[in-house]
Amino acid sequence: MRTDPLPPFQAEAEIAVDFAGLDALFRHLADDHGLTLRSGHGRSTWVTVGEGEFGARQRGAATTLYARAHSADWLFTLQEAAAAHLADHAPDAVGLRWTGPAQAGALPPNFSLGRVASVERVSAQFVRMRVQGDGLDRLARDMIHFRMVLPSGDGATEWPRLSGTGQTIWPQPLHRPAYTIRAIDLAAGWLETDVFVHEGGRVCAFAQAAAPGTVVGLIGPGGGGIPLDDRLLIGGDETAYPALARIIAAQGPGARIACHLLGASADYPLPDHPGLTLHHHPRGEDDLARLLVAEAPDAGQFWLATEKSRLQPLRQAVLTSLGVPKTRAHLAAYWNAA
Ligand SMILES: Cc1cc2nc3c(=O)[nH]c(=O)nc-3n(C[C@H](O)[C@H](O)[C@H](O)COP(=O)(O)OP(=O)(O)OC[C@H]3O[C@@H](n4cnc5c(N)ncnc54)[C@H](O)[C@@H]3O)c2cc1C
């Protein structure tokens, strides 16, 4: 039952989908991602995500999908997340019409445009891209990821817009992979992201060729936040190194942080921390999994991210062999080799 006040920004959509199925969907989602699940008298079920929540409510035969948040941009992000989960669960449930603060034709509230200010090499395989822009406040909260939306390349990019029913329309498909905000300065109006340069990467090619002033889209924030603990076990391949840097920098001085670098290189500039121990196992997800099972490290939080199939032995080790609950383990696929 709810006792805390409702978040002030709210949107709802009536849907022709059975409530029981959505109840099961949100329970599954909470279990899968370690989210807090809440329920109201068996007639509503919701998950909390960052500073907001989304869920479904039963009223007679009707079902209402809803999202609530403490800011307009996060509300919109949660609407999009709820809609995506609904589309997976009930692909035939078309015509979602949100009530709430939507303005047809405007840029979506969780989207803004920026301009590439500089690109510089920070290690053998990483370049740091600084993007200058307005409206970055939303990206300076607890969440550390965003999606970089690349221009179409022909000088005629059509950026996403809001439809009359409050959903994002993409007039043309634009490449938009997830990246990590390595640093952000709201007073100066820029953010920096570190791009791992790999074979065939479209963002890699863009970053290496972009002239200062090139326009790029920013969606977010999104993804997980920063785990805080006095005993952390963290690790990942190159794509996770910027997130590892953010996690290390955020810990208190008394924290003990075991950090396992799984990329081929280990020359990425990580911040100093008195409690940090670094271990390098190039492409060693299996080795790390064996080590975790053998040593059963005493960590309050586990945070690991790498390529999807290479994550499997780590999931098995942490969740199954060590029995760490999902609320203390963030295990994320950061890219897909398939
Ligand atoms: C939450 C989150 C945060 C992330 N943060 C960062 C970050 O800060 N910095 C960063 O560099 N990446 C980060 N990534 C990973 C990044 O989104 C992917 O690597 C993405 O595919 C890169 O897009 P691209 O345009 O360079 O490659 P694409 O054009 O999408 O892919 C081209 C080819 O490259 C392959 N590929 C993709 N990633 C790699 C890789 N790491 N090594 C080898 N081949 C690869 C693909 O399988 C594909 O065959 C993050 C991912 C997530 C989910």
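Before reading further, recall that the structure is shown in the block above.
For clarity, every value in this text was computed on a predicted model and none was experimentally measured. (Residues numbered from 1 in each chain as written. Predicted model: local features only at pLDDT ≥ 70, side-chain atom pairs only at ≥ 80, totals over all residues. Heavy atoms only, no water.)

Engineer: Help me understand the pattern of salt bridges, please; the structure alone is not making it clear to me.
Structural biologist: Note that side chains of opposite charge can pair when their charged atoms are close. The final tally for this structure, using the stated rule, is twelve salt bridges. In this structure, Asp-32 engages Lys-326 in a salt bridge whose closest nitrogen and oxygen atoms are separated by 3.7 Å. One end of the pair, Asp-32, is in helix H1 (residues 19-33); the other, Lys-326, is in the loop between helix H6 (308-321) and strand S19 (329-335), with 294 residues separating them in the sequence. Taking relative accessible area as the criterion, Lys-326 reaches 27% and is therefore assigned partly exposed. The salt bridge partner of Arg-130 is Glu-192, with a shortest N-O separation of 2.8 Å. Note that Arg-130 is positioned in strand S7 (residues 126-133) and Glu-192 in strand S13 (residues 190-196), a separation of 62 residues in sequence. The class of Arg-130 is partly exposed, set by a relative accessible area of 25%. With relative accessibility at 10%, the residue Glu-192 sits in the buried group. (Salt bridge = Lys/Arg side-chain N within 4 Å of Asp/Glu carboxyl O. Helix = DSSP H or I, 4+ residues; strand = E, 2+ residues; numbered from the N terminus. Buried < 20%, exposed > 50% of the residue type's maximum accessible area, 1.4 Å probe, protein only.)

Engineer: What exactly am I supposed to notice about the pairing of S19 here?
Structural biologist: When a strand is regular, its side chains alternate between the sheet's two faces. Both strand S18 (residues 301-307) and S19 contribute to a ladder of six bridges, which runs parallel. Within S19, the residue paired with Thr-306 across the bridge is Ala-333. With H6 bridging S18 and its parallel neighbour S19, the resulting β-α-β unit is right-handed. (Pairing = 2+ DSSP bridges. Right-handed = clockwise from strand over helix to strand, strands pointing away.)

Engineer: Can you walk me through the site of the ligand in this structure?
Structural biologist: Within the structure, the ligand sits among 21 residues, and His-175, Ala-178, Phe-196, Arg-202 and Val-203 are positioned closest to it. A distance of 2.9 Å is found between a nitrogen atom of the ligand and a backbone nitrogen or oxygen belonging to Asp-194. Between Phe-196 and the ligand, the recorded distance is 2.8 Å, taken from a backbone N or O atom to an oxygen atom. In the complex, the protein chains occlude 80% of the 920 Å² of accessible area that the ligand would expose alone. When the residues that make up the shell around the ligand are grouped by side-chain class, the tally is ten nonpolar, eight polar and three charged. (Near = heavy atom within 4 Å. Polar contact = N/O pair within 3.5 Å; in protein donor to acceptor, adjacent residues only side chain to side chain. Areas by Shrake-Rupley, 256 points an atom, 1.4 Å probe, with all protein chains shown as cover. Nonpolar A, V, L, I, M, F, W, Y, C, P; charged D, E, K, R; others polar.)

Engineer: What am I meant to see in helix H4 (residues 241-250) here?
Structural biologist: In an α-helix, one turn spans 3.6 residues; hence positions three or four apart end up facing the same way. Within H4, eight of the ten residues are buried, which leaves it mostly tucked inside the rest of the structure. Among all positions in H4, only Tyr-241, Pro-242, Ala-243, Leu-244, Ala-245, Arg-246, Ile-247 and Ile-248 are buried.

Engineer: Looking at this structure, I do not really get H1. What am I missing?
Structural biologist: For H1, which comprises 15 residues, the first-to-last C-alpha distance of 21 Å matches the rise-based estimate of 21 Å (1.5 Å per residue) to within 8%. Looking at H1, one finds that the buried residues are Phe-19, Leu-22, Asp-23, Leu-25, Phe-26, Leu-29 and Ala-30. Buried residues of H1 fall within an arc of 160° about the axis and therefore sit on the same side. Contact partners of the buried residues in H1: strand S1 (9-15), strand S2 (36-40), strand S3 (44-48), strand S4 (52-59), strand S5 (62-69) and helix H2 (72-89). Looking at the residues trailing H1, positive phi occurs at Gly-34, about 65°. (Expected span 1.5 Å × (residues − 1). Arc of directions from axis to C-beta. Contact = heavy atoms within 4.5 Å.)

Engineer: Looking at this structure, I do not really get the sheet that holds S18. What am I missing?
Structural biologist: Two modes of strand pairing occur in sheets, parallel and antiparallel, and in both the strands are linked by backbone hydrogen bonds. The five strands are arranged S17-S16-S15-S18-S19 in an open sheet whose pairing can be described as parallel. Each end of this open sheet is capped by a strand with a single partner; those strands are strand S17 (276-280) and S19. Across the sheet, the mean angle separating the axes of adjacent strands is 10° when strand polarity is ignored. With six bridges connecting them, strand S15 (residues 231-236) and strand S16 (residues 256-261) associate as parallel partners. The partner of Ile-234 across the bridge, within S16, is Cys-259. In the packing of H4 onto the sheet, the strands contacted are S15, S16, S17, S18 and S19, and the crossing angle to S15 comes to about 165°. Of the strands in this sheet, S18 and S19 touch H6, which is tilted by about 160° from S18. (Axes fitted to C-alpha atoms, helices over the stretch in contact; angles between N-to-C directions.)

Engineer: I keep staring at the layout of surface pockets and nothing clicks. Help me out?
Structural biologist: To find leftover empty space, a probe the size of one water molecule is rolled over the atoms. Taken as a whole, the second largest pocket holds about 160 Å³ of empty space. Forming the boundary of the second largest pocket are Arg-231, Leu-232, Leu-233, Arg-256, Ile-257, Ala-258, Gly-275, Thr-277, Pro-297, Asp-298 and Ala-299. Taken together, the elements giving at least two residues each to the lining of the second largest pocket come down to S15 and S16. Its residues assigned to classes, the lining of the second largest pocket shows six nonpolar, two polar and three charged. (1 Å grid on protein atoms, 1.4 Å probe; cavity = no way out; pocket = protein on both sides within 12 Å on 5 of 7 lines; lining within 4 Å. Points joined across faces, edges and corners; volume = space filled by probe spheres on them.)

Engineer: Sorry, what's going on with the nonpolar core here?
Structural biologist: For soluble globular proteins, nonpolar side chains are generally found buried alongside one another. Within the largest apolar cluster, 27 residues are counted, with the highest numbers of intra-cluster contacts made by Leu-22, Phe-26, Phe-54, Leu-65 and Leu-96. Those elements that provide at least two residues to this core are S1, H1, S4, S5 and H2. Beyond its immediate chain neighbours, meaning those up to four positions away, Phe-26 contacts Leu-37, Thr-45, Val-47, Phe-54, Gly-55, Ala-56 and Leu-65. In terms of nonpolar packing, the next biggest core, distinct from the first, is built from 23 residues, Ile-144, Leu-232, Ala-243 and Ile-257 among them. (Core = buried A, V, L, I, M, F, W, Y, C linked by side-chain atoms within 4.5 Å.)

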